[in-house]
Amino acid sequence: QVQLVESGGGLVQPGGSLRLSCAASESIFNINAMRWYRQAPGKEREFVAVISRGGSTNYADSVKGRFTISRDNAKNTMYLQMNDLKPEDTAVYYCYTTRGGQTYWGQGTQVTISS
């Protein structure tokens, strides 16, 4: 069904910025909510941000004010703009959505924040 591919991860110093992308294999126009999750080594996967079809957003407290989630339905792509990055942001970042009652995850992209 829906395939999701993340990109844009990399190595940056604390205080730096990255923009992650999640490209979907089909239209996301009719998908209500799209989400970003992350998972650090040895830790549980945690919620980062969500955006609805209408543009409503919510963020984890740990990233509020620093990260911005957005979507471009014409390009079938969701984004996560990450500013003022901190070492604790180091994790594999995954995009996530549901479609037709099924759950879909991307393969993940590594984000490493280190001085």
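These notes cover the structure that comes with them. (Residues numbered from 1 in each chain as written. Predicted model: local features only at pLDDT ≥ 70, side-chain atom pairs only at ≥ 80, totals over all residues. Heavy atoms only, no water.)

We now examine the overall build of the protein. Counting secondary structure elements, the protein contains zero helices and 11 strands. Starting at the N terminus and ending at the C terminus, the protein contains elements arranged as β-β-β-β-β-β-β-β-β-β-β. Whereas a compact globule of 115 residues would reach a radius of gyration of roughly 13 Å, the protein reaches 13 Å, a difference of no more than 12%. Reported as C-alpha extents along the three principal axes, the dimensions of the protein are approximately 40 × 25 × 20 Å. (Helix = DSSP H or I, 4+ residues; strand = E, 2+ residues; numbered from the N terminus. Rg over C-alpha atoms; globule rule 2.2 N^0.38 Å.)

Applying the stated rule across the entire model yields five salt bridges. A salt bridge links arginine 38 to aspartate 89; its shortest N-O distance comes to 2.9 Å. Of the two residues, arginine 38 sits in strand β4 (residues 34–39) while aspartate 89 sits in the loop between β8 (77–82) and β9 (91–99), which places them 51 residues apart along the sequence. For arginine 38, a relative accessible area of 4% corresponds to the buried category. (Salt bridge = Lys/Arg side-chain N within 4 Å of Asp/Glu carboxyl O. Buried < 20%, exposed > 50% of the residue type's maximum accessible area, 1.4 Å probe, protein only.)

Quick look at the sheet that holds strand β7 (residues 67–72) now. With antiparallel pairing, four strands are arranged side by side in an open sheet as β1-β3-β8-β7. Looking along the sheet, the strands with just one partner apiece sit at the ends: β1 (4–7) and β7. Taking each pair of neighbouring strands and ignoring which way they run, the sheet shows an average axis angle of 15°. In this sheet, strand β3 (residues 18–24) lies alongside β1 in antiparallel orientation, the contact comprising four bridges. Pairing of serine 7 across the sheet is with serine 21, part of β3. (Pairing = 2+ DSSP bridges. Axes fitted to C-alpha atoms, helices over the stretch in contact; angles between N-to-C directions.)

As a further point, take the packing of aromatic side chains. Here the structure, examined in full by the defined rule, presents five aromatic pairs. Note on tyrosine 37 and phenylalanine 47: the rings are 5.8 Å apart at their centroids and 75° apart in plane angle, and the pair reads as edge-to-face. Here tyrosine 37, found in strand β4, pairs with phenylalanine 47, found in strand β5 (residues 46–51); they are 10 residues apart in sequence, far enough to count as distant. Both rings, one in tyrosine 94 and one in tryptophan 105, keep their centres 6.3 Å apart while their planes meet at 90°; by these two values the pair is edge-to-face. With tyrosine 94 in strand β9 and tryptophan 105 in strand β10 (residues 102–105), this pair connects stretches of sequence that are 11 residues apart. Looking at tyrosine 94, the relative accessible area reads 13%, which means it is buried. Residue classification places tryptophan 105 among the partly exposed positions, given a relative accessible area of 35%. Taken together, the aromatic side chains of Tyr37, Phe47, Tyr94, Tyr96 and Trp105 make up a single cluster linked through ring pairs. Above the ring of tyrosine 94, the side-chain terminus of arginine 45 is found at 3.8 Å from the ring centroid. The aromatic ring of tryptophan 105 is capped on one face by arginine 45, whose charged end is 4.6 Å from the ring centroid. (Phe/Tyr/Trp six-rings, centres within 6.5 Å; stacked < 30°, edge-to-face > 60°. Lys NZ or Arg CZ within 6 Å of the ring centre and 35° of its normal.)

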